[in-house]
Amino acid sequence: MLTMAPQRTTPTGWTLRAVVSAHVVAIVGQPVFAGVYLTGDFDSLRWHAIGADVVTSIGYLQVIVAIVAWIRLRQVWPFLATTAVVAAETVQYFAGLDGALWLHIPLGVMTVVALVVLFIAVWRRPLPWREVRNA
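Residues numbered from 1 in each chain as written. Predicted model: local features only at pLDDT ≥ 70, side-chain atom pairs only at ≥ 80, totals over all residues. Heavy atoms only, no water.

S.K.: Would you mind going over a nonpolar patch on the surface in detail, with residue names and values included?
M.R.: Taken together, Ile 67, Trp 70, Ile 71, Val 76 and Leu 80 make up a surface patch of nonpolar side chains, about 450 Å² in accessible area. Of the residues forming the nonpolar patch, the biggest block, three residues, is contributed by helix α2 (residues 44-73). Relative to the elements of secondary structure, Leu 80 occurs in helix α3 (residues 77-98). (Patch = residues over 30% accessible without salt bridge, like charges linked within 9 Å, V, L, I, M, F, W, Y side chains within 5 Å. Areas by Shrake-Rupley, 256 points an atom, 1.4 Å probe, with all protein chains shown as cover. Salt bridge = Lys/Arg side-chain N within 4 Å of Asp/Glu carboxyl O. Helix = DSSP H or I, 4+ residues; strand = E, 2+ residues; numbered from the N terminus.)

Rendered as C-alpha cells:
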C-alpha cells in the first residue's frame with residue numbers, strides 16, 4: 001500500500017505568507033487614517049501618505065517574493081494575483097496624489113478586498129513545490 005506524505009508549505013511559501021500578511025496589516029490601516037482625516041484631524045493625512053508609501057513598498061516586495069514562488073514552487077497564481085493587486089494599488093496611489101477621489105476611494109476599497117482574498121488563498125492550503133510534468 002502506497003501512502004502519500006502530507007504536502008507541506010515550503011520556506012518560500014512561508015515567506016510569501018509572511019509578506020502577504022504584512023501587506024494586509026499595512027493596507028487595513030489606510031482607511032482608518034483616511035477616516036480620521038475626514039473627521040477633521042488634518043494631521044492624519046500625513047499618516048495616510050506614509051501608510052501609502054509603506055503599502056506600496058510591501059506590494060513591490062510581494063511581487064519579488066511571488067516571482068521567487070513561481071520559479072521555486074512552480075506556481076504562477078500567486079504572481080498573477082499579486083501583480084493584479086499591485087497594479088491596482090499603483091493606480092490608486094497616483095489617483096490619491098492627484099486628488100482624484102472619485103477613483104482613489106472605490107479603487108482603494110477594491111484593493112483592500114482583493115488583498116484580503118489573496119491572504120485567504122495563501123493561508124488556506126499548503127504551498128508545496130510542484131513537479132513539472134512532461135507531456
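Additional details are given in the paragraphs that follow.
S.K.: Summarise the environment of Val 63; cite the residues concerned and give the values.
M.R.: Along the chain, Val 63 falls in helix α2. When the C-alpha positions of Val 63 and Trp 14 are compared, they lie 15 Å apart, and in sequence the two are 49 residues distant. The contact partners of Val 63, leaving out residues within four places of it in the chain, are Phe 79, Thr 82 and Val 86. (Contact = heavy atoms within 4.5 Å.)

S.K.: So what's going on with helix α4 (residues 101-124)? Which residues, and what values?
M.R.: Taking 1.5 Å of rise per residue, the 24 residues of α4 would be expected to cover 34 Å, and the 34 Å separating its terminal C-alpha atoms lies within 8% of that figure. Every buried residue belonging to α4 is among His 104, Leu 107, Gly 108, Thr 111, Leu 115, Leu 118 and Val 122, and all of these are buried. Residues of α4 that are buried make contact with α1 (11-38), α2 and α3. (Expected span 1.5 Å × (residues − 1). Buried < 20%, exposed > 50% of the residue type's maximum accessible area, 1.4 Å probe, protein only.)

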